[in-house]
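A closer look at the structure
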Amino acid sequence: MSSQKRILVTGAGGFIGHHLVKRLKKEGHWVRGVDIKCPEYEASAGDQFEVLDLRKAEACLLATRGGIDEVYNLAADMGGIGYITSNHADISRNNILINAQMLEAARQNGVKRFLFSSSACVYAQGKQKNPEVTPLREEDAFPADPEPGYGWEKLFAEELCRYYYKDFGFETRIVRFHNVYGPLGTYDGGKEKAPAAISRKVALSEDGGDIEVWGDGEQTRSFMYIDDCVEGLIRIMASDCRDALNLGTDELVTINGLVDIISKIADKRLVKRHNLTGPQGVRGRNSDNSMLRRVLGWEPKILLEQGLTITYKWIESEVQRSPKYAAQMNRVLTPAR
Ligand code: NAD
């Protein structure tokens with residue numbers, strides 16, 4: 001490690017933030033985690049963990065106090081496609097408040113660098129109508145036509161970061177995540193993403209049974225394993241690039257393909273039951289990593305099957321232990337006569 005920094009991670013009670021805190025501690029930094037809730041599955045590795053509602057200006061000032069060098073601003077109201085398509089007002093209001101207040105508090109408290117976690121949902125919907133989508137380059141966010149709600153507020157917060165650099169010389173970094181998955185991520189309750197939701201459904205299914213898939217399953221995405229995500233975050237923070245950067249893999253897969261990979265890992269044969277009324281988001285989305293490679297000389301490299309094997313095993317063990325699924329698991333383990 002070069003030198004110890006004082007680092008704030010917001011959203012440290014969530015999936016990516018929790019993993020990032022662990023990694024930053026391993027590298028020897030002093031880390032404060034902040035979230036509106038504690039981590040769900042294990043205690044935070046941070047030196048401090050504070051429960052604060054970052055929609056409030058005074059909470060943001062408290063979070064950024066005490067000579068913080070870097071802020072990774074990961075706190076957000078977000079979830080999978082079902083959640084973000086049915087909560088436009090809440091998501092937009094909550095996240096605009098968090099991002100605007102966090103930027104200003106960090107600037108006032110003399111933070112040196114601020115990283116904003118944006119999303120591939122900022123990309124123009126018109127460029128994602130085809131499953132064989134051309135990978136999205138950073139400039140494809142304009143002319144603006146992002147995902148309603150979540151995409152618009154992310155795109156606006158990106159702009160706000162640019163204004164803070166232009167008007168105040170405040171150093172900002174912008175990361176556009178494509179879907180991230182891995183252990184210790186939400187796998188039920190409505191906020192989970194496709195890899196976790198499918199892993200849970202597969203874990204709860206009997207061999208030879210069926211599994212519900214939203215849409216016709218031919219919609220495509222790329223998925224990045226959490227370790228690559230954390231590595232990319234740290235590299236982007238350290239880089240000189242103030243422009244938004246994709247952070248994702250370019251290994252394209254259909255949702256049906258995702259179900260097949262996870263079923264194979266679980267060694268189960270399952271029949272897909274397509275729910276054509278289920279939300280599915282854009283038809284196709286992939287990451288063009290040319291700019292990421294140019295800036296960092298690096299890109300995510302963990303293969304989908306490799307990352308999904310670790311993720312599936314974790315979710316399977318969670319549902320097997322959870323009292324919530326006991327009845328269902330018993331049915332699976334002891335098929336009715
Ligand atoms: P997550 O939901 O697990 O973590 C976000 C955390 O923010 C949660 O723990 C939540 O409690 C916290 N939070 C929400 N409102 C808050 C508030 N008012 N005050 C304090 N904390 C609050 O999500 P994640 O997957 O870890 O995502 C982290 C960031 O990355 C988010 O900004 C998200 O929009 C972005 N992102 C994630 C993905 C992905 O695939 N996981 C994709 C694109 C963008």
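Residues numbered from 1 in each chain as written. Predicted model: local features only at pLDDT ≥ 70, side-chain atom pairs only at ≥ 80, totals over all residues. Heavy atoms only, no water.

What follows is about the overall build of the protein. In terms of regular secondary structure, the protein is built from 11 helices and 13 strands. Taking 2.2 N^0.38 as the reference for a compact globule, 337 residues should give roughly 20 Å; the C-alpha atoms of the protein span a radius of gyration of 20 Å, in line with that estimate. Out of the 337 residues in the protein, the part that is buried amounts to 55%. Put simply, of all contacts in the protein between residues at least 6 apart along the chain, 78% involve residues at least 24 apart. Element-wise, carbon and sulfur atoms account for 52% of the exposed surface of the protein, whose accessible area totals about 14500 Å². Separation of charge centres in the protein, based on 45 positive and 46 negative side chains, amounts to 2 Å. (Helix = DSSP H or I, 4+ residues; strand = E, 2+ residues; numbered from the N terminus. Rg over C-alpha atoms; globule rule 2.2 N^0.38 Å. Buried < 20%, exposed > 50% of the residue type's maximum accessible area, 1.4 Å probe, protein only. Contact = heavy atoms within 4.5 Å. Areas by Shrake-Rupley, 256 points an atom, 1.4 Å probe, with all protein chains shown as cover. Lys, Arg positive; Asp, Glu negative; His and termini not counted. Charge placed at Lys NZ, Arg CZ, Asp CG, Glu CD.)

With that out of the way, let us pick up the site of the ligand. Taken together, 26 residues are adjacent to the ligand, and Ile-16, Asp-35, Tyr-150, Val-180 and Lys-193 come closest. The contact in question runs from an oxygen atom of the ligand to an N or O atom on the backbone of Leu-74, over 3.1 Å. Tyr-150 places a polar side-chain atom, nitrogen or oxygen, 2.6 Å from an oxygen atom of the ligand. Protein chains shield 92% of the accessible area of the ligand, which is 820 Å² for the free molecule. Elements that contribute at least two residues to the shell around the ligand include exactly helix H1 (15–26), strand E5 (113–119) and helix H5 (150–168). Looking at the shell around the ligand element by element, the count peaks at 3 residues for E5. Of the residues that constitute the shell around the ligand, the class distribution is 13 nonpolar, 7 polar and 6 charged. (Near = heavy atom within 4 Å. Polar contact = N/O pair within 3.5 Å; in protein donor to acceptor, adjacent residues only side chain to side chain. Nonpolar A, V, L, I, M, F, W, Y, C, P; charged D, E, K, R; others polar.)

Moving on, we come to the nonpolar core. Within the largest apolar cluster, 60 residues are counted, with the highest numbers of intra-cluster contacts made by Val-9, Ile-16, Leu-20, Tyr-72, Phe-177, Leu-233 and Leu-258. Among the domains, domain 1 (6–180 + 223–247) and domain 2 (183–221 + 251–284 + 302–326) are the pair contributing at least three residues each to this core. Beyond its immediate sequence surroundings of up to four residues, Ile-16 is in contact with Leu-74, Phe-177, Val-180, Ile-226, Cys-229 and Leu-233. Core analysis: the second largest hydrophobic core is formed by 26 residues, Leu-52, Cys-60, Val-71 and Leu-160 among them. (Core = buried A, V, L, I, M, F, W, Y, C linked by side-chain atoms within 4.5 Å. Domains from an automatic or database assignment.)

Here 7 strands make up an open sheet; going across it, the order is E3-E2-E1-E4-E5-E6-E11 and the pairing parallel. The open sheet has two edge strands, strand E3 (48–51) and strand E11 (244–247), and neither has a second partner. Within this sheet the neighbouring strands show an average axis-to-axis angle of 20°, counted without direction. Where strand E6 (residues 171–177) and E11 come together, 4 bridges link them in parallel fashion. Within E11, the residue paired with Arg-176 across the bridge is Asn-246. With respect to the sheet, H5 is in contact with E5, E6 and E11, its orientation differing from that of E5 by roughly 155°. (Pairing = 2+ DSSP bridges. Axes fitted to C-alpha atoms, helices over the stretch in contact; angles between N-to-C directions.)

Right, let's talk about the packing of aromatic side chains for a bit. As enumerated under the stated definition, the model contains 7 aromatic pairs in all. Taking the centre distance of 6.1 Å and the plane angle of 50° together, the rings of Phe-114 and Phe-170 count as tilted. In this pair, Phe-114 sits in strand E5 while Phe-170 sits in the loop between H5 and E6, placing the two residues 56 residues apart along the sequence. Residue classification places Phe-170 among the buried residues on the basis of a relative accessible area of 6%. In textbook terms, an aromatic cluster arises when at least three aromatic residues are bridged by ring pairs, as seen for Phe-114, Tyr-164, Phe-168 and Phe-170. The ring of Trp-30 carries the charged tip of Arg-6 above its face, separated from the ring centre by 4.0 Å. In this structure, Arg-107 is placed above the aromatic ring of Phe-168, and the distance from its NZ or CZ to the ring centre is 4.0 Å. (Phe/Tyr/Trp six-rings, centres within 6.5 Å; stacked < 30°, edge-to-face > 60°. Lys NZ or Arg CZ within 6 Å of the ring centre and 35° of its normal.)

Right, let's get into helix H7 (residues 226–238). Between its first and last C-alpha atoms H7 spans 19 Å; for 13 residues at 1.5 Å apiece the expected length is 18 Å, and the two agree. The element H7 is largely enclosed, with a buried count of 10 among its 13 residues. All of the buried residues in H7 are Ile-226, Asp-228, Cys-229, Val-230, Glu-231, Gly-232, Leu-233, Ile-234, Ile-236 and Met-237. (Expected span 1.5 Å × (residues − 1).)

Quick look at the domain arrangement of the protein now. What the domain assignment lists for the protein is domain 1 (6–180 + 223–247) and domain 2 (183–221 + 251–284 + 302–326). A separation of 25 Å is found between the C-alpha centroids of domain 1 and domain 2. Taken residue by residue, the interface counts 27 residues in domain 1 and 33 residues in domain 2. Here domain 1 packs against domain 2, burying approximately 2400 Å² in sum over the two surfaces, 66% of which is carbon and sulfur. If you sort the residues of domain 1 by the area they bury against domain 2, Tyr-41, Phe-223 and Tyr-225 come out on top, with a joint share of 35%. (Buried area = accessible area lost by both parts, 1.4 Å probe.)

Relative to the helices and strands, Asp-228 is located in helix H7. Although Asp-228 lies buried, it forms no salt bridge, and the closest oppositely charged side chain, Lys-301, sits 4.8 Å away as judged by the N-O distance. Only 2.8 Å separates the side chain of Asp-228 from the backbone nitrogen of Lys-301, close enough to count as a polar contact. (Salt bridge = Lys/Arg side-chain N within 4 Å of Asp/Glu carboxyl O.)

Let us now look at the pairing of E5. Taking burial as the measure, the 7 residues of E5 include 7 buried ones, the bulk of the element. With burial as the criterion, each face of E5 is covered, one bearing Arg-113, Leu-115, Ser-117 and Ser-119 and the other bearing Phe-114, Phe-116 and Ser-118. As defined by bridge partners, strand E4 (residues 70–73) adjoins E5 across 4 bridges and the pair is classed as parallel. Of the residues in E5, the one forming a bridge with Tyr-72 is Leu-115. Pairing analysis gives 7 bridges linking E5 to E6, with the strands arranged parallel. Bridging from a neighbouring strand, Phe-114 pairs with Thr-172 of E6. Remark: the E5/H5/E6 crossover connection has right-handed handedness. (Right-handed = clockwise from strand over helix to strand, strands pointing away.)

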